[in-house]
Amino acid sequence: MYEQDSVESELFLPIRGMASETERDPGVSVQQQGPRYYLKSATNGRGGLNVYVSNRRSSFCEQQQRDAQNSFSVREFLKSKLFVSILIVGAVFITLICIGLVVMYERDGNVTQTIDVWRDKLTPEQLIWFDSGLDELKKALTVPINTKRAKNVILFIGDGMGPVSVTAGRIFKHGEGGKLSWEDFPHMGLLKTYTMDKQVPDSASTATALFGGVKSNYGTNGVDAGVLRGDCYSSLNKSHHVESILHWAQKAGKGTGFVTTTRVTHATPASLFANVPERGWECDATMPEEAKNLGCLDIGRQLVEEEPGQKMNVIMGGGRQCLVSGVEDTPEDPIDTWSCNSKDGRNLIEKWKADKMEKEQSFAVLQNNSDLVNLDVSNEFVLGVFANGHLAYDHERDKSDSGMPSLEEMTTAALRVLRKHQKGFFLVVEGGMIDQAHHRGWAKTALSELSAMDDAVAATVKLMTRELEETLIIVTSDHAHTLSMNGYPDKGNSIFGVAQNSKADGIPYTTLTYGTGGPDGFQVEVDSQGKVHRRDPTLDNLEDYKYVQQVGIATDENIHGGVDVAVHATGPMAHLFHCVHENSYVAHVISYAARIGRFRDSSAAGAFFDLLGLSY
């Protein structure tokens, strides 16, 4: 068939080889004969003639009629409601496109950004916050998800660092608009802190959950809820022992260690290496004879004599009086009367050294700033015990050669020792004196300790810059305190200053107060008229590190709060912290991210035992 184009006409001529109307086979009826064929011609608009075959006879008049009908249909359509509707929809669509042209869309994952015409309508007071919001949106929309394996894991614990402590600490150090070093981490969530038997926890039980992935009873370290506090007999059953992340990391061939500003046998670090039913059993002097006779070991002995404590590469903190009997009590380094003081003649530091010499392992024992500064980081094992009890508060510590190091200095030294491990490392860093200051009601000291932990986190991020893509860094707390931030103080007011006067008694009150506290915090006086009233805090130096904030309920000391605490994370699998979690979830994230513990790499032997339904 040939191309048809332009005006059409018919020649009505039969085609050779085809029967015309006058040449049909007379022996065949009309109905049985084939179709009629005609030659048609049409000018092609280019001065030529196209000829083609058609089996349909048409006329010029029919064609004209069809054209007239088409013209009529178009006119009717232009007048129809459908056409009007299409016009309206088109107009709306074009309007939306025009509006869209007012907005610039950045590519490559950046945020939609308004152009100047929109900003002209904003006052300077508004524009600053629109720009700030835009900057935060850009960051949020470009947050990468790191799904690599975590070669290294660093877990920071701010003991007693609840949400109010963080807010107040931020204002204290950086102002209302500032941020602590970990508050720029891209991922965060909240952790529930209750124990199996208490709504408000202690540090031993919460550390067991954080480090072992199992919630336990109040006051117990490294054992599950099948062991009641003080029950030595039950704790000897190893099926109730909770292995810590540190133990899992050692089994995977990683370097391990912890750094703390408290005693190395204190409640938080103890859950890394000890399995005891009583957190107070830091040394022999606080253990009942019955427990000793049954075979329970105190926390100090488990650190030095048992695994995984014996295999830890770095141990730094205080607590000499729990490891060595008869230590000297000095004004610069007093005996901690709140803690255990060994009486059995032990010297676990010398025992630790002897173990390393017997195994021909390189080691260093550190006792002061000078030892830490001159540390040879090529040593495989480092034991730093810098105080009889807890280390001095950061604002009070002696910074001379014979003094005690800061949390930042211990942390960076530990990292330099551990970084040489080819399979990576696991390190826990505890800002433990935040909690101790809160217990005394010294809010400024507590926030100063929080600031010291902020320095340690910032130094860690800087030191690990080249390895951040393979290093999971987590910052969280074990529990909160009853610290509250109240009143309506002006922005820029000292966080330790007066919020306003009470509308009930007219007496000023401070921005920071505690719900519970010792006798020094319950500040009630009798005036000259014999009326009992709250003491006016402006009579005291509110900026003193040892000023005791006023409390609502008097008890022996400021006690813990039971609210959720924040967890911040950056690095491999950090995005797994994303909502409200149990505090035990932290250990499982670390296990998964680093492929240790229950998520360890499979092996031929492991696959065989799994096939048989046995543990391996």
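See above for the structure.
Residues numbered from 1 in each chain as written. Predicted model: local features only at pLDDT ≥ 70, side-chain atom pairs only at ≥ 80, totals over all residues. Heavy atoms only, no water.

*Asks:* Whenever I open this one, the overall build of the chain confuses me. Can you help?
*Replies:* In terms of regular secondary structure, the chain is built from 19 helices and 24 strands. Burial statistics for the chain: of 616 residues in total, 47% are counted as buried. Contacts in the chain between residues far apart in sequence, at least 24 positions, make up 70% of those at least 6 positions apart. Just so you have it, the chain exposes about 31400 Å², and 54% of that area is on carbon and sulfur atoms. (Helix = DSSP H or I, 4+ residues; strand = E, 2+ residues; numbered from the N terminus. Buried < 20%, exposed > 50% of the residue type's maximum accessible area, 1.4 Å probe, protein only. Contact = heavy atoms within 4.5 Å. Areas by Shrake-Rupley, 256 points an atom, 1.4 Å probe, with all protein chains shown as cover.)

*Asks:* Just to check I follow, could you spell out helix H15 (residues 407-418) for this structure?
*Replies:* An α-helical turn contains 3.6 residues, so any two residues separated by three or four positions project in the same direction. Here H15 contains 12 residues, and its C-alpha end-to-end distance of 16 Å stays within 8% of the 16 Å for a straight helix at 1.5 Å per residue. When you tally the buried positions in H15, you get 9 out of 12 residues, the bulk of the element. Taken residue by residue, H15 has Leu407, Met410, Thr411, Thr412, Ala413, Ala414, Leu415, Val417 and Leu418 as its buried positions. (Expected span 1.5 Å × (residues − 1).)

*Asks:* I keep staring at the sheet that holds strand E21 (residues 551-554) and nothing clicks. Help me out?
*Replies:* Two pairing modes exist for strands in a sheet, parallel and antiparallel, and in both the strands are linked by backbone hydrogen bonds. Taken in spatial order, the 3 strands of this open sheet run E15-E18-E21, and their pairing is mixed. At either end of the open sheet lies a strand with only one pairing partner, and these are strand E15 (483-485) and E21. The average undirected angle you get between the axes of adjacent strands in this sheet is 20°. Examined bridge by bridge, E15 and strand E18 (residues 512-517) share 3 bridges and lie antiparallel to one another. Note on E18: the bridge partner recorded for Ser484 is Thr513. (Pairing = 2+ DSSP bridges. Axes fitted to C-alpha atoms, helices over the stretch in contact; angles between N-to-C directions.)

*Asks:* I'm lost on the environment of Asp478 in this one. Help?
*Replies:* Assignment of secondary structure puts Asp478 in the loop between strand E13 (471-476) and strand E14 (480-481). Accessibility expressed as a relative area gives 1% for Asp478, which makes it buried. The sequence separation of Asp478 and Lys192 amounts to 286 residues, and the corresponding C-alpha distance is 9.5 Å. If we ignore the near neighbours within four places in the chain, the residues touching Asp478 are Ile157, Gly158, Asp159, Gly160, Thr193, Ser203, Thr206, Leu210 and Thr268. Within the structure, the side chain of Asp478 is placed 3.0 Å from the backbone nitrogen of Gly160, a separation counted as a polar contact. A distance of 2.9 Å separates the side chain of Asp478 from the side chain of Ser203, its partner in a polar contact. (Polar contact = N/O pair within 3.5 Å; in protein donor to acceptor, adjacent residues only side chain to side chain.)

*Asks:* Hey, could you run me through the pairing of E13 in this one?
*Replies:* When a strand is regular, its side chains alternate between the sheet's two faces. For E13, a buried count of 6 out of 6 residues is recorded, marking the element as mostly surrounded by other parts of the structure. Bridge count between strand E6 (residues 152-158) and E13: 6 bridges; the pairing is parallel. Within the sheet, the bridge partner assigned to Ile157 lies in E13 and is Thr476. As defined by bridge partners, E13 adjoins strand E23 (residues 565-570) across 3 bridges and the pair is classed as antiparallel. By the bridge assignment, Ile474 is partnered in E23 with Ala569.

*Asks:* Explain the pattern of salt bridges to me, please; I cannot follow it from the model alone.
*Replies:* Side chains bearing opposite charge may pair, as long as their charged atoms lie close to each other. A complete count under the given rule lists 33 salt bridges for this structure. Of the charged contacts, one joins Glu307 and Lys311 as a salt bridge, the two residues approaching to 3.3 Å between their closest N and O atoms. The partly exposed category is assigned to Glu307, whose relative accessible area is 43%. Of the charged contacts in the structure, one is a salt bridge between Arg535 and Asp540, with a shortest N-O distance of 2.8 Å. What emerges from the salt-bridge pattern is a single network uniting Asp284, Asp298, Asp344 and Arg346. (Salt bridge = Lys/Arg side-chain N within 4 Å of Asp/Glu carboxyl O.)

*Asks:* What is the right way to read the environment of Gly487 from this model?
*Replies:* Checked against the element boundaries, Gly487 lands in the loop between E15 and strand E16 (498-501). Along the chain, Gly487 and Ala499 lie 12 residues apart, while their C-alpha atoms are 5.1 Å from each other. With near-sequence residues (within four places) excluded, Gly487 lies in contact with Ala499, Gln500 and Tyr509.

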